[in-house]
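Summary of the model geometry
Each chain is listed here by its residues.
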Amino acid sequence: MRPRALAFVLIAGLLFGYGLALSTMIRPEVVLSFLRFQDFGLLLVLGGAAGVTLLAYRFAPRLMRRPLAGDAFGVHPSALNARTLGGAAIFGVGWGLCGVCPGPAIAGLGAGNAPLVVALIGMLAGAYVQGRWFGD
Amino acid sequence: MDALFPHGYAHYLIGGLLIGAGVAWLFVSTGLVGGISTFYTAMWSLVSRAPHFQQPRFTATRAWRIVYALGLVAGAFVWLLTSGAPAVVTHVAPWQLALGGFVAGFGARLSGGCTSGHGICGLASLQLPSLLAVLIFLATAIVTANVVRAPGGA
């Protein structure tokens, strides 16, 4: 990948990470308080993020022949099958247990939430077991 | 409003819009779809020869996924420096973080997406499997979080 494209990726990550920190999604306590119906802020985060992204996914391919620094617009691959839905059910159990999802496990470290490294290592281990013995 | 958002709502909304701006910018600038969980599998492509990890969808994308992850850390660090807020340190028990992280990592990779992959990118591309995945993981997460209440409120 060209350096210019990687610089664009870095900017995207910066925005994502800043947004995760500002919205307090890097605090598992806030996520757990949503899951316990004490604070519905997470829905605003998810809705706001998906809404802005939807605009880009809809209109960029119509307005631009190609990305600024790329060959083609990609699509998020997801299939309607037992892996997708069963995996989601399992993911939710883990998420509900720790209040950390894959993005905040990484971003949280930048805001000094050092204990999240435990969740990060757990996720790496989970990804290994999935890929090694339950890969598609 | 106070009952729904006891800590206010502006930071949630603005933070969400910024996250969306990041994923949208990634797409407009590079055409890439910015789910996070693939990063974890792609990392194993660096150290494991197992066939699953050596697929092009991991080996050919790990460079930008690493840069993306570094951006996440840096972005949160910028927030820490500029907000004046103290570092946030979780009090969730280590066993919950370890076990929950393991299960969430396994499930997200089996499902092919997490809160960002299915929740942001999947919903934004109006994919039915992702919508169902989001509804399912919200349901199982709500049940789990309400069943497991560790001492100390976390």
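Take the overall build of chain B next. A count of helical and extended segments in chain B gives seven helices and zero strands. Each helix and strand of chain B, placed in order from N terminus to C terminus, yields the pattern α-α-α-α-α-α-α. The principal-axis extents of the C-alpha atoms in chain B amount to approximately 50 × 35 × 35 Å. Sorting the 154 residues of chain B into buried and exposed places 56% on the buried side. By sequence separation, contacts in chain B at least 24 residues apart represent 49% of the contacts at least 6 residues apart.

Secondary structure assignment for chain A yields six helices and zero strands. Each helix and strand of chain A, placed in order from N terminus to C terminus, yields the pattern α-α-α-α-α-α. A principal-axis box enclosing the C-alpha atoms of chain A has dimensions of 45 × 35 × 30 Å. The buried share of chain A, taken over its 136 residues, is 58%.

On to the interface of chain A and chain B. Taken together, the contact pairs 108 residues of chain A with 110 residues of chain B. With 17 residues, the top contributor of residues to the side of chain A that touches chain B is helix α1 (residues 3-22) of chain A.

End to end, helix α6 (residues 116-133) of chain A covers 26 Å across 18 residues, agreeing with the expected 26 Å (1.5 Å per residue, within 8%). All buried positions along α6 of chain A are accounted for by L116, V118, A119, L120, G122, M123, G126, A127, Y128, Q130 and G131 of chain A.

This next bit is on the nonpolar core. Judged by nonpolar contacts, the single largest core of 96 residues is most densely connected at A12, A21 and A119 of chain A together with V23, A76 and F137 of chain B. Those residues in contact with A76 of chain B that sit more than four places away from it in its chain are G17, Y18, L20, A21, I26, A107, G108, G110 and A111 of chain A.

At their nearest, the axes of α1 of chain A and helix α4 (residues 62-83) of chain B sit 6 Å apart, and the two run at 45 degrees to each other. Classified by the angle between their axes, α1 of chain A and α4 of chain B sit oblique to one another. In this structure, α1 of chain A meets α4 of chain B at a crossing whose hand is right-handed.

The next subject is unusual backbone geometry. A positive phi angle, close to 60 degrees, is found at F37 of chain A, a residue other than glycine. Residue placement: F37 of chain A occurs in the loop between α2 (28-35) and α3 (41-63).

A few words on the confidence of the model for chain B. When pLDDT is averaged across chain B, the result is 95; 97% of the residues are at 70 or more. Prediction confidence for the complex, expressed as pTM and ipTM, is 0.96 and 0.97 respectively.

With that out of the way, let us pick up the packing of α1 of chain A against helix α5 (residues 102-110) of chain A. Residue and element names in this part refer to chain A. In contact at an axis separation of 9 Å, α1 and α5 are set at 85 degrees when each is read in the N-to-C sense. Taken together, the axes of α1 and α5 lie roughly perpendicular to each other. Taking contact as the criterion, the partners of F16, G17, L20 and A21 in α1 are, on α5, G103, P104, A107 and G110. Broken down by class, the residue content of the contact of α1 with α5 amounts to five nonpolar, three polar and no charged.

Helix length check: helix α4 (residues 82-98) of chain A (17 residues) gives 24 Å between terminal C-alpha atoms against 24 Å at 1.5 Å per residue, within 8%. Of the surrounding elements, those touching the buried residues of α4 of chain A are α2 and α6 of chain A together with α5 (94-111), α6 (117-124) and α7 (128-147) of chain B. A positive backbone phi angle near 75 degrees is found at G99 of chain A, which sits one or two residues after α4 of chain A.

With respect to the helices, strands and loops of the structure, V52 of chain A is situated in helix α3. Setting aside anything within four residues of it in sequence, one finds V52 of chain A in contact with L17, G20, A21 and A24 of chain B.

How each quantity is defined
- Residues numbered from 1 in each chain as written.
- Chains lettered and ligands numbered in written order.
- Predicted model: local features only at pLDDT ≥ 70, side-chain atom pairs only at ≥ 80, totals over all residues.
- Helix = DSSP H or I, 4+ residues; strand = E, 2+ residues; numbered from the N terminus.
- Buried ≥ 20, exposed ≤ 12 C-beta atoms within 10 Å, placed from the backbone.
- Contact = placed C-beta atoms within 7 Å.
- Expected span 1.5 Å × (residues − 1).
- Core = buried A, V, L, I, M, F, W, Y, C linked by C-beta atoms within 7 Å.
- Axes fitted to C-alpha atoms, helices over the stretch in contact; angles between N-to-C directions.
- Parallel < 35°, antiparallel > 145°, perpendicular 65-115°, else oblique.
- Left-handed = near helix turned anticlockwise from the far one by under 90°.
- pLDDT = per-residue confidence, 0-100.
- Nonpolar A, V, L, I, M, F, W, Y, C, P; charged D, E, K, R; others polar.

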